[in-house]
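The lines below spell out each chain.
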Amino acid sequence: MNISHRAPHPFFRATFVISALALLAGAVSPALADSAPLAPQTKIRLTVVQWMPSRGQFERWDAIGGEYTVSDAGEVSLPFLGSLPVGNLDSANLTGEIAKRLQAKMGLAQTPAVTIDVLDYPPIYVVGDVTTPGQYSFRPGLTVLKSLAMSGGPRRAKEEQQTHSIQIVGELREIDHSILRSTARLARLQAEMDGANEITFDQTTDVDQQFAAGIYNEERIIFRARANALERQSRAFTELRDLLTTEISTLEEKLTGADDNIKSVEDQLVSVKSLVQKGLTISSRQMDLERLLTTYRSDKLDLVTAVMRGRQAISETTRNLEGLYDARRSEVATEAQSERASLDQFKLKRETLQKLLIADLGSNDSVKSLTDDLPLTFSVTRRNAGQINQFQASETTALAPGDVVRVVQPHILDNSPQADTSPSFETQSLADRAGQ
């Protein structure tokens, strides 16, 4: 049976229709079910599909479809159609308006199928007495209570001040420990500069004695280790110098022997020369003695050179030994100078933190006047049709994209006519203990 390529099989045509309908059904977003207009800065995806009877299939217009953003003026700029005012149109009315304009613009017999999918809503903003004010993403069904939960709940000023005071107390304890370490290190460095055998620590009663004992023990270990290292280096240089001195003594003894050998050969050479002149011995005997004398003199020169090198090595070893102590004293003095500067910084920081703690604790005393909390109050600022409106809201008030939620925490003041802002005796005592 012959089938024309322009007339597709009914099975395939039905498949095309079902697929297109499924595409259209899947592209409908939850916003289509709502009648709310599209707010400025809303990001949408536009899809345009038309049935082509001549081809027996759906055709998607990608040149028009795509992602768009509603401008602050409430318009959407589309290809071929230009700027389309959104106004108070919801998604359903906007799709119908786009379809009618496309039909009129392009002279179509039927209106194309247009769908809109909301990709991203304008964010909402939560400000006021909340833990983390800021910008948050909008989702359909968002209420004031949900936005309060997103921002961390209501802010508690008293708890925040108490938390800040606790942080300052912790920083003061850390600084006190740093000061203890610094003073212990300075005591160890002073003992090294003085050449003492033990470290003398200043006894302090304002710190944890067990912690201080641990720091002192660590400094004693470092002191002994550095002293032992210096002693080993000094002993090595001293032993090297003694060894070189012994070696030079040995070489000098060899020089004495070499002088004796040279004198003996010279005496023999005088006698042999006299015998050779008288013809009583052969001349080769004289030549042997002359060669032996030359060898002895060369050996003596080698010994003299070795002695000179040994004395040079002794001088260098002595300089190294003396420079070892000078370098150590310079190193210790530099470390002590840097440690004193750090100690001064720690003391200045401790003084500043003590003042901050006293001010913080004084504020906590005044916060006692804010004893009872009233229920939270909410207000919403919303832009509608180019106008900005503010209204009172409740926890169940539904929010729209771009809303600004303000949360206010009222307080009941104490009956006292004037809050006492000066730190109490307990406040001053706690600050003094924290600084110790």
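Our subject is the structure listed above.
Residues numbered from 1 in each chain as written. Predicted model: local features only at pLDDT ≥ 70, side-chain atom pairs only at ≥ 80, totals over all residues. Heavy atoms only, no water.

Student: When you look at unusual backbone geometry in this model, what are you seeing that I'm missing?
Tutor: Peptide bonds are mostly trans, and most non-glycine residues show a negative phi. Although it is not a glycine, Gln41 adopts a positive phi angle of roughly 70°. Here Gln41 shows up in the loop between α2 (30–33) and β1 (43–52). Here Gln41 falls in the partly exposed class, since its relative accessible area comes to 40%. (Helix = DSSP H or I, 4+ residues; strand = E, 2+ residues; numbered from the N terminus. Buried < 20%, exposed > 50% of the residue type's maximum accessible area, 1.4 Å probe, protein only.)

Student: What is the right way to look at the side chain of Ser182 in this model?
Tutor: With respect to the helices, strands and loops of the structure, Ser182 is situated in helix α5 (residues 157–194). Leaving out residues up to four positions away in the same chain, Ser182 has contacts with Glu339 and Leu343. (Contact = heavy atoms within 4.5 Å.)

Student: Would you mind going over the pairing of strand β12 (residues 404–408) with me for this structure?
Tutor: Successive side chains on a regular strand alternate, one facing one side of the sheet and the next facing the other. Here β12 shows a buried face lined by Val405 and Val407 and an unburied face lined by Val404, Arg406 and Val408. Where strand β7 (residues 124–128) meets β12, 4 bridges bridge the pair, whose relative direction is parallel. Paired with Val127 across the strands is Arg406, a residue of β12. (Pairing = 2+ DSSP bridges.)

Student: Explain the nonpolar core here, please?
Tutor: Looking at soluble globular proteins, one finds that nonpolar side chains tend to be buried together. Formed by 36 residues in total, the largest nonpolar core has its most connected members in Leu46, Leu78, Ile98 and Leu399. Taken together, the elements giving at least two residues each to this core come down to β1, β4 (75–78), α3 (91–106), β6 (113–120), β7, α4 (144–150), β10 (377–384) and β12. For this core, the element with the highest residue contribution is α3, accounting for 4 residues. Contacts of Leu46, omitting those with residues within four sequence positions, involve Ile64, Gly65, Gly66, Tyr68, Leu78, Ile98, Val114, Thr115 and Ile116. (Core = buried A, V, L, I, M, F, W, Y, C linked by side-chain atoms within 4.5 Å.)

Student: What's the story with the sheet that holds β7 in this structure? I'm lost.
Tutor: To summarise the sheet geometry, strands pair through backbone hydrogen bonds and adopt either a parallel or an antiparallel arrangement. If you walk across this open sheet you meet the 5 strands as β8-β7-β12-β10-β11, and the pairing is mixed. This sheet does not close on itself; its edge strands, each paired only once, are β8 (134–136) and β11 (387–393). Strand-to-strand twist across the sheet, computed as the mean angle between neighbouring axes with direction ignored, equals 25°. With 5 bridges connecting them, β10 and β12 associate as antiparallel partners. Opposite Ser379, over in β12, you have Arg406 as the bridge partner. (Axes fitted to C-alpha atoms, helices over the stretch in contact; angles between N-to-C directions.)

Student: I tried to follow the pairing of strand β5 (residues 82–85) on my own but got confused; where do I start?
Tutor: In this structure, β4 lies alongside β5, joined through 4 bridges in antiparallel fashion. Pairing of Glu75 across the sheet is with Pro85, part of β5.

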